[in-house]
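Coordinates in review
In case you want the letters, here they are:
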Amino acid sequence: MKVNALKGAEIKLAVRALVDDTVSFCPILALRLLEELGATGPVDEARSDDSRATPGDLHAPIAAYLVSARSTPPKKSVTYTLEVRDAAWLKTIKKGATLETTAYAAPTRRVGAAFSADGSQVVAGWDAGNVDAHAVTQKKRQVEVGKPVWSAHHLGLLAFTMLDEDVLVTAGRDELRAHREGEAFAALRLDPGATITALVADGARALIGFADGSVAGWQPGKDKALVRLGALDAAVNGLAALDKSSVAASTTTEVAILKKGAIATRVKSEHGPVTALSRGVTKGGLAYGTATGAVVCLKADGALARKHQVEVPQDCALWFLHRDPRGHLFALARRGKRLFLAACEPQGFTFEGPLAEVEQFSSTPAPDGLVARVNEQTVMYIGFDGSVRWTQQIPTPALRAAHLSPPCYEPKVTRDGRGLILGFTETEKAAELRDPAGAVLARVPGGWNAWFSGAIPLGQDAALAWFSDGTAARLSPAGSEKLGLRVHSAAAIERTGGAFALVCAAKKADDEYEDGIIPEDEDAGRLVELDAGGSIVATLATIAPRAVGSTSGLQVSGDGSLLSASIYNSDIGEHVPHLWLRESDGSRALKAPWGPYDWPTFAPDGSRLAWHNRDGGHVVLFDPRAGREVARLSVGDVWGIEFDGAGRLVLTGDDRLYWFDGAGVGCGELLLPASEIVTPPVERLLAGGDEPEVVVATTLNAFVLRAKGEPVALRDRDPIASTDSLVAHARGWPLTVRPR
């Protein structure tokens with residue numbers, strides 16, 4: 001960057017990308033550049049990256065530092081023109097100063113789009129405050145969006161629209177502005193406390209709705225103040241120009257037609273909260289969409305012209321159940337191609353989301369949430385409240401196809417929720433601990449010809465990782481530390497923060513063995529308890545050297561009272577299950593009644609365990625302390641077993657979940673939503689130019705609705721602007737335009 005001009009509180013910066021990339025307008029980047037140049041006032045305010053932030057929220061804090069900011073249209077080299085709040089901040093900066101920097105822009109989100117009157121340009125707006133116009137060319141049904149031809153700027157941008165004669169009107173937090181070819185030519189300050197909630201075009205004037213229910217018009221260059229058009233009883237969430245004398249407005253509960261400053265027609269919604277409004281499919285009529293997926297078209301007098309209920313069939317897949325700290329059960333669910341968090345109770349499912357677009361996914365438990373791997377390369381830490389704590393892109397060598405990865409390979413999170421535990425299983429062999437932003441805190445490579453075998457949380461902020469040759473290390477924010485023993489398998493003990501592990505003595509250097517012979521007892525294994533630091537605190541059993549490599553299936557109940565392992569007996573050539581009860585003065589062996597190829601599941605308090613008997617095809621519920629079988633449950637094919645916090649056994653079958661109490665008595669069942677008819681909320685309605693039709697966009701699909709006939713599906717489901725012949729979709733950069 002280079003300081004091209006500096007006068008008082010105004011500075012011009014030439015900003016050029018050193019790589020083949022485009023520099024877009026970003027006031028937060030502008031502040032970072034000023035900091036790099038030595039400005040004393042501005043600070044980095046890009047701390048928030050909330051995926052659910054409303055337009056303008058992420059970039060709102062910069063108003064404390066910048067009076068105004070604008071840029072030439074996005075390309076490899078642009079000019080930023082900035083006016084800061086205090087000229088003293090720039091005193092240390094010299095005109096002509098140059099600097100190379102790795103400063104980066106903050107995330108921006110699309111506010112919307114609009115077409116010029118003749119459709120030759122499309123404008124896309126971003127919450128950074130820029131609205132960029134792009135040329136649109138159409139040849140043989142192929143539409144191309146060109147490079148930006150002009151840019152307008154409005155810090156704190158909330159909404160915008162295009163009027164006749166290609167006048168752009170932008171709405172900020174306290175001002176309306178009108179622009180022509182990117183240059184502002186009119187502005188109107190809002191009354192203190194006024195909040196704009198809707199903005200649409202009506203020929204040469206803009207229609208504005210407010211949080212107090214009022215509706216007004218403004219024709220830039222003509223009106224020096226807002227012209228009152230009427231008022232509703234609640235915040236306006238939609239507006240539409242019906243004809244020269246009528247305006248439609250909506251709140252969440254009703255729609256109204258305003259004429260001569262008053263409400264001429266009022267219709268209460270009988271189909272759920274109103275979410276969108278536009279011109280309708282009849283002359284002078286309107287259409288509104290609802291949160292329940294209804295599109296209702298009314299005539300000019302308020303009579304019903306047409307009602308269409310959106311129904312989208314989609315498949316639904318439920319993944320493994322996970323228990324939260326209160327004992328409630330949750331699972332990830334894919335509904336169509338979207339990921340949700342499902343709370344599972346006999347009364348029904350409760351879905352939070354959508355959280356992401358997915359093809360495939362997997363999950364592992366985490367502190368107060370789940371670690372989800374989405375589409376192989378994305379890891380999401382999802383809280384049980386449905387919030388996404390953080391998201392990371394993980395490197396390809398850490399991956400296998402999600403549905404093929406053993407649980408020990410899956411990414412995990414440390415108990416304090418601040419570290420991502422990764423194992424590399426493909427081109428390189430290593431384990432890493434990363435912070436939520438992706439920075440590597442600790443890394444341990446595998447030895448020659450040794451592959452990553454597994455990792456678990458250890459303590460609050462650390463992890464235990466091990467490799468196929470037994471090499472083991474503790475990874476923490478302070479770095480990695482190899483343990484003085486070999487680890488071949490391990491399971492986390494949540495009660496202590498330690499681990500139940502199969503270990504062997506660490507190998508010495510070859511020259512330390514007498515005659516180069518390694519004693520056989522050095523390869524003998526032990527099943528031990530490790531504390532949060534990775535030190536041995538108790539030994540439960542010893543394992544013969546020949547059986548170490550085949551011993552597996554280490555498990556621990558939630559309270560740490562039950563521990564189990566499948567120990568290989570080389571004399572009989574078979575795995576033998578073992579079970580221990582942890583007591584205050586040590587541990588004692590209990591009867592392990594399941595077979596060598598069965599996999600038990602423990603109740604969180606250790607009072608029950610259950611397994612699927614492969615020979616008999618039933619599920620056995622067992623009391624380990626009493627050493628007795630409680631019940632045999634035959635419910636068809638079962639692929640998932642879990643206990644909730646109330647001690648109920650929950651079985652996942654092919655088509656439903658089953659609940660049983662501690663005595664094995666059925667107490668509920670719930671059909672799995674393998675396929676369902678969904679009524680998605682209507683997100684927006686777009687008037688189809690001069691034609692009496694409506695473009696409908698829901699969270700799952702998009703289509704064109706006319707007065708008669710079946711809806712006509714659109715190729716993409718995210719239209720944000722429309723003309724008679726073109727539709728702009730919120731895809732790609734800056735957007736995608738397709739023929740109707």
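Focus: the overall build of the protein chain
Broken down by element type, the protein chain carries 2 helices and 65 strands. Principal axes of the C-alpha set define a box for the protein chain whose edges measure 95 × 65 × 50 Å. A buried classification covers 52% of the 740 residues belonging to the protein chain. Counted over contacts in the protein chain with a minimum sequence separation of 6, partners at least 24 positions apart contribute 44%. Accessible surface computed for the protein chain: about 33200 Å², of which carbon and sulfur atoms make up 48%. Both charge centroids of the protein chain, one from 79 positive and one from 90 negative side chains, sit 7 Å from each other.

Considerations on the confidence of the model for the protein chain
Residues with a pLDDT of 70 or more make up 93% of the protein chain, whose mean pLDDT is 89. Scored below 50 in pLDDT, residues 46–52 makes 12 contacts in the model with residues more than four places away or belonging to other chains. Note that residues 400–405 has pLDDT below 50 and, in this model, 16 contacts with residues that lie over four places away or in other chains.

With respect to the sheet that holds strand β46 (residues 552–556)
The strand order across the open sheet formed by 4 strands is β46-β47-β48-β49, and the pairing between neighbours is antiparallel. For this open sheet the edge positions go to β46 and β49 (586–590), each flanked by a neighbour on one side alone. Between one strand axis and the next, the sheet turns through 25° on average, direction left out of account. As judged from the 8 bridges shared by strand β47 (residues 562–569) and strand β48 (residues 574–583), these two strands associate in the antiparallel manner. Note on β48: the bridge partner recorded for I567 is V576.

What about the pairing of strand β60 (residues 693–698)?
Of all 6 residues that make up β60, 6 are buried, and the element is covered over most of its length. Side chains E693, V695 and A697 of β60 all project onto a buried face; the interleaved residues V694, V696 and T698 project onto the opposite face, where all are buried too. Examined bridge by bridge, strand β59 (residues 682–687) and β60 share 5 bridges and lie antiparallel to one another. Directly across from R684, in β60, lies its bridge partner A697. Bridging between β60 and strand β61 (residues 702–706) involves 5 bridges; their strand directions are antiparallel. In the strand pairing of β61, V695 is matched with V704. The hairpin formed by β60 and β61 contains 3 residues between the paired strands.

Let's talk about the nonpolar core
Ranked by size, the top nonpolar core spans 32 residues in total, and within it I11, L13, L34, Y80, L82 and I93 carry the most contacts. When contributions to this core are tallied by element, the ones reaching two or more residues are β2 (10–16), α1 (27–37), β3 (66–71) and β4 (77–84). Counting residues per element, this core draws most heavily on α1, which supplies 7 residues. Setting aside its immediate chain neighbours within four residues, L13 contacts K2, V3, L33, L34, L37, V78, T79, Y80 and L82.

A word on the sheet that holds strand β31 (residues 369–374)
Strand order in the open sheet made by the 4 strands is β30-β31-β32-β33, with antiparallel pairing throughout. At either end of the open sheet lies a strand with only one pairing partner, and these are β30 (361–366) and β33 (388–393). In this sheet, neighbouring strand axes are inclined to one another by 20° on average, regardless of whether the strands run parallel or antiparallel. Bridge analysis of β31 against strand β32 (residues 378–383) gives 6 bridges, and the strand direction is antiparallel. In the strand pairing of β32, A372 is matched with M380.

Some points on the packing of aromatic side chains
Per the counting criterion, the structure on display carries 13 aromatic pairs. A ring pair is formed by Y65 and W89, whose centres lie 6.1 Å apart and whose planes are at 50°; its orientation type is tilted. With Y65 in the loop between α1 and β3 and W89 in the loop between β4 and β5 (110–115), this residue pair connects regions lying 24 residues apart in the sequence. Each member of the pair, Y65 as well as W89, carries the same accessibility label: buried. With a centroid separation of 6.2 Å and 80° between ring planes, the pair formed by F452 and F467 is classed as edge-to-face. Of this pair, F452 sits in strand β38 (residues 452–458) while F467 sits in strand β39 (residues 462–467), placing them 15 residues apart in sequence. F467 matches F452 in its accessibility class, with the two residues each being buried. An aromatic cluster of three or more residues is present, and its members are W319, F320, F361 and W639. Directly above the aromatic system of Y381 lies the positively charged group of R389, at a separation of 5.6 Å from the ring centroid. One cation-aromatic arrangement involves R443 over F424; the distance from NZ or CZ to the ring centre is 5.2 Å.

Some thoughts on α1
The buried fraction of α1 amounts to 9 of the 11 residues, a majority that puts the element mostly inside the structure. Within α1, burial applies to P27, I28, L29, A30, L31, R32, L33, L34 and L37.

Observations regarding the side chain of R338
Within the element layout of this structure, R338 appears in strand β28 (residues 338–345). For R338, which is buried and forms no salt bridge, the nearest opposite charge comes from E357, at a distance of 5.2 Å. Residue contacts for R338: discarding those within four places in its chain leaves A333, P354, A356, E357, V358, T699 and L700.

Description of the pattern of salt bridges
In total, this model carries 31 salt bridges according to the counting rule given. In this structure, the salt-bridge partner of R443 is E432, at a minimum N-O distance of 2.4 Å. Of this pair, R443 sits in strand β37 (residues 440–445) while E432 is found in strand β36 (residues 430–434), placing the two residues 11 residues apart along the sequence. The exposure class assigned to R443 is partly exposed, which follows from its relative accessible area of 34%. Each of D233, E254, R266 and K268 takes part in a single network of salt bridges with overlapping partners.

Some details on the pairing of β32
For β32, the tally of buried residues reaches 6 of 6 residues, placing the bulk of the element in the interior. Burial along β32 is two-sided: the face carrying T378, M380 and I382 and the face carrying V379, Y381 and G383 are both buried. Hairpin geometry of β31 and β32 is characterised by an intervening segment of 3 residues between the two adjacent antiparallel strands and by a positive phi of about 50° at N375. Across 5 bridges, β32 lies against β33 in antiparallel orientation. Bridging from a neighbouring strand, M380 pairs with T391 of β33. The loop that links β32 with its antiparallel partner β33 comprises 4 residues; one of these, G386, has a positive phi angle of about 90°.

A closer look at the environment of V440
Along the chain, V440 turns up in strand β37. Beyond its immediate sequence surroundings of up to four residues, V440 is in contact with E432, L433 and R434.

Conventions and cut-offs
- Residues numbered from 1 in each chain as written.
- Predicted model: local features only at pLDDT ≥ 70, side-chain atom pairs only at ≥ 80, totals over all residues.
- Heavy atoms only, no water.
- Helix = DSSP H or I, 4+ residues; strand = E, 2+ residues; numbered from the N terminus.
- Buried < 20%, exposed > 50% of the residue type's maximum accessible area, 1.4 Å probe, protein only.
- Contact = heavy atoms within 4.5 Å.
- Areas by Shrake-Rupley, 256 points an atom, 1.4 Å probe, with all protein chains shown as cover.
- Lys, Arg positive; Asp, Glu negative; His and termini not counted.
- Charge placed at Lys NZ, Arg CZ, Asp CG, Glu CD.
- pLDDT = per-residue confidence, 0-100.
- Pairing = 2+ DSSP bridges.
- Axes fitted to C-alpha atoms, helices over the stretch in contact; angles between N-to-C directions.
- Core = buried A, V, L, I, M, F, W, Y, C linked by side-chain atoms within 4.5 Å.
- Phe/Tyr/Trp six-rings, centres within 6.5 Å; stacked < 30°, edge-to-face > 60°.
- Lys NZ or Arg CZ within 6 Å of the ring centre and 35° of its normal.
- Salt bridge = Lys/Arg side-chain N within 4 Å of Asp/Glu carboxyl O.

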